[in-house]
Amino acid sequence: MDSAQGTAKLYIWRNQLLFLGASRIAYRSHSVVSDKLLVSLDGVMTISPNTGKPISTRSVLLKAGTSFASLNLDTSAAVVAIYYLPPLSQDHAALESIMTRVSDNMSYAHPQEDLLVRRLLYIRDEGLHPSETRRMLRDLIIPPALAGVVFREFDPRIVTVIQSIRETVAENLSVQKFAAEVHLSASRLEKLFKEQIGVPITRYRLRYRVFVGVIHLALGESITNAALAAGFASSAHFSKSYSAIHGIAPSARFLKPPMLEVLMADEVLGSGVPVVNRAAPLRVI
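In this text the structure is predicted, and so the values were computed from the model without any measurement. (Residues numbered from 1 in each chain as written. Predicted model: local features only at pLDDT ≥ 70, side-chain atom pairs only at ≥ 80, totals over all residues. Heavy atoms only, no water.)

Colleague: Sorry if this is basic, but what is going on with the packing of aromatic side chains here?
Modeller: Each aromatic ring pair is specified by the distance between its two centres and by the angle formed by the two planes. According to the stated counting rule, one finds 5 aromatic pairs in the structure shown. Plain terms: the ring middles of Phe-193 and Tyr-204 are 5.7 Å apart, the flat faces sit at 65° to each other, and that makes the pair edge-to-face. You can see Phe-193 sitting in helix α6 (residues 186-197) and its partner Tyr-204 sitting in helix α7 (residues 201-218), a full 11 residues away along the chain. You'll find Phe-193 and Tyr-204 in the same group, each marked buried. Between Tyr-208 and Phe-211, the aromatic rings sit 5.7 Å apart at their centres with planes inclined by 35°, giving tilted as the arrangement. With Tyr-208 and Phe-211 both in helix α7, this residue pair falls 3 residues apart, about one helical turn. One exposure class covers both Tyr-208 and Phe-211, and it is buried. Ring pairs connect the aromatic residues Phe-232, Phe-238 and Tyr-242, which therefore count as one cluster. (Phe/Tyr/Trp six-rings, centres within 6.5 Å; stacked < 30°, edge-to-face > 60°. Helix = DSSP H or I, 4+ residues; strand = E, 2+ residues; numbered from the N terminus. Buried < 20%, exposed > 50% of the residue type's maximum accessible area, 1.4 Å probe, protein only.)

Structural data, given as structure tokens:
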């Protein structure tokens, strides 16, 4: 079955997501919990700086750890694509170096903006396989000349804690437990984690649980089963957390066809994410 032109898409890889919108969505006030690049597929986004004239743009880079409401960013006139940058990567720093900075938390105007819009529209309307999508986007979003540049170092203890969070996503482990694993006090881990990742450790774990829950939903499970598999106490808890993380409510119509087509990379099902193992790549249509 061919993809319907204009149907919203959600691409899932092991460490990141790509959402390709097909209509305007009203984003609620929420905390940005992961670095992400917003691209308007139709219309423009407007930045209203504290000083100076409003800025119209089709691409905006947001940094984890800030409130969406505080950014003075209006996306209501745009159909938005959201490229969630992989954690523990150099991608945000690389993008920040080639875009125009508005504040410490926001930059705009990707140098390949027009081509990026055209390519994202093509990916959405053709419903390309995740592996082809990543290949088409990678060198366009991050220039090859910057691919090997190390802008910042990540503390190996934080890397270990993040891996532990992923391996124990359904368990309600304390911050003290994670801290003990890397021989830090809880307070020191909390401070170091926020410095390195931009958000508190509990917020990051919530984000990852939502990510796992979305995978389970994409596999066709009920919202209740998806919530429990991702470590949430109930479907209501999952829904509330989804809204807090993404700024939109996870209505049944939004997370299921025909409103959304989910395309999942082969690597996800063998990545240690606690989902049922399947041999073939998943494509929900």
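Still to come is the rest of the account.
Colleague: In this structure, what is going on with the sheet that holds strand β6 (residues 55-57)? I would like to understand it.
Modeller: The strands that make up a sheet pair up through hydrogen bonds in the backbone, lying either parallel or antiparallel. Judged by pairing direction, the sheet is antiparallel, and its 3 strands sit side by side in the order β6-β5-β9 without closing on themselves. One side of each edge strand has no neighbouring strand; the edge strands of this open sheet are β6 and β9 (73-74). Where strand β5 (residues 45-47) lies against β9, 2 bridges are found, and the strand directions are antiparallel. Looking across to β9, one finds that Ile-47 is bridged to Leu-73. (Pairing = 2+ DSSP bridges.)

Colleague: What is the right way to read the pairing of strand β10 (residues 79-84) from this model?
Modeller: It is a general feature of regular strands that their side chains alternate between the two faces of the sheet. Where burial is concerned, most of β10 is hidden: 6 out of the 6 residues are buried. A two-sided burial pattern is seen for β10, the buried positions comprising Val-79, Ala-81 and Tyr-83 on one face and Val-80, Ile-82 and Tyr-84 on the other. By the bridge criterion, 3 bridges tie strand β2 (residues 17-20) to β10 in an arrangement that is antiparallel. The residue of β10 that forms the bridge with Phe-19 is Ile-82. Inspection of the sheet shows strand β4 (residues 36-42) paired to β10 by 6 bridges, in the antiparallel sense.

Colleague: So what exactly am I meant to see when it comes to the pairing of β2 here?
Modeller: Alternating residues of β2 divide into Leu-17 and Phe-19 and Leu-18 and Leu-20, and every residue in both groups is buried. Direction of pairing for strand β1 (residues 8-12) relative to β2: antiparallel, over a ladder of 4 bridges. Looking at the pairing, Leu-10 lines up with Phe-19 of β2. Two successive antiparallel strands, β1 and β2, enclose a turn made up of 4 residues.

Colleague: Before we go on, may I ask you to explain unusual backbone geometry in this structure?
Modeller: Non-glycine residue Ala-109 carries a positive phi angle of around 65°. Assignment of secondary structure puts Ala-109 in the loop between β12 (106-108) and α2 (113-126). Taking relative accessible area as the criterion, Ala-109 reaches 27% and is therefore assigned partly exposed. Of note, His-183 is a non-glycine position whose phi angle comes to about 60°, a positive value. As for its placement among the helices and strands, His-183 is situated in the loop between α5 (175-181) and α6. For His-183, a relative accessible area of 74% puts it in the exposed group.

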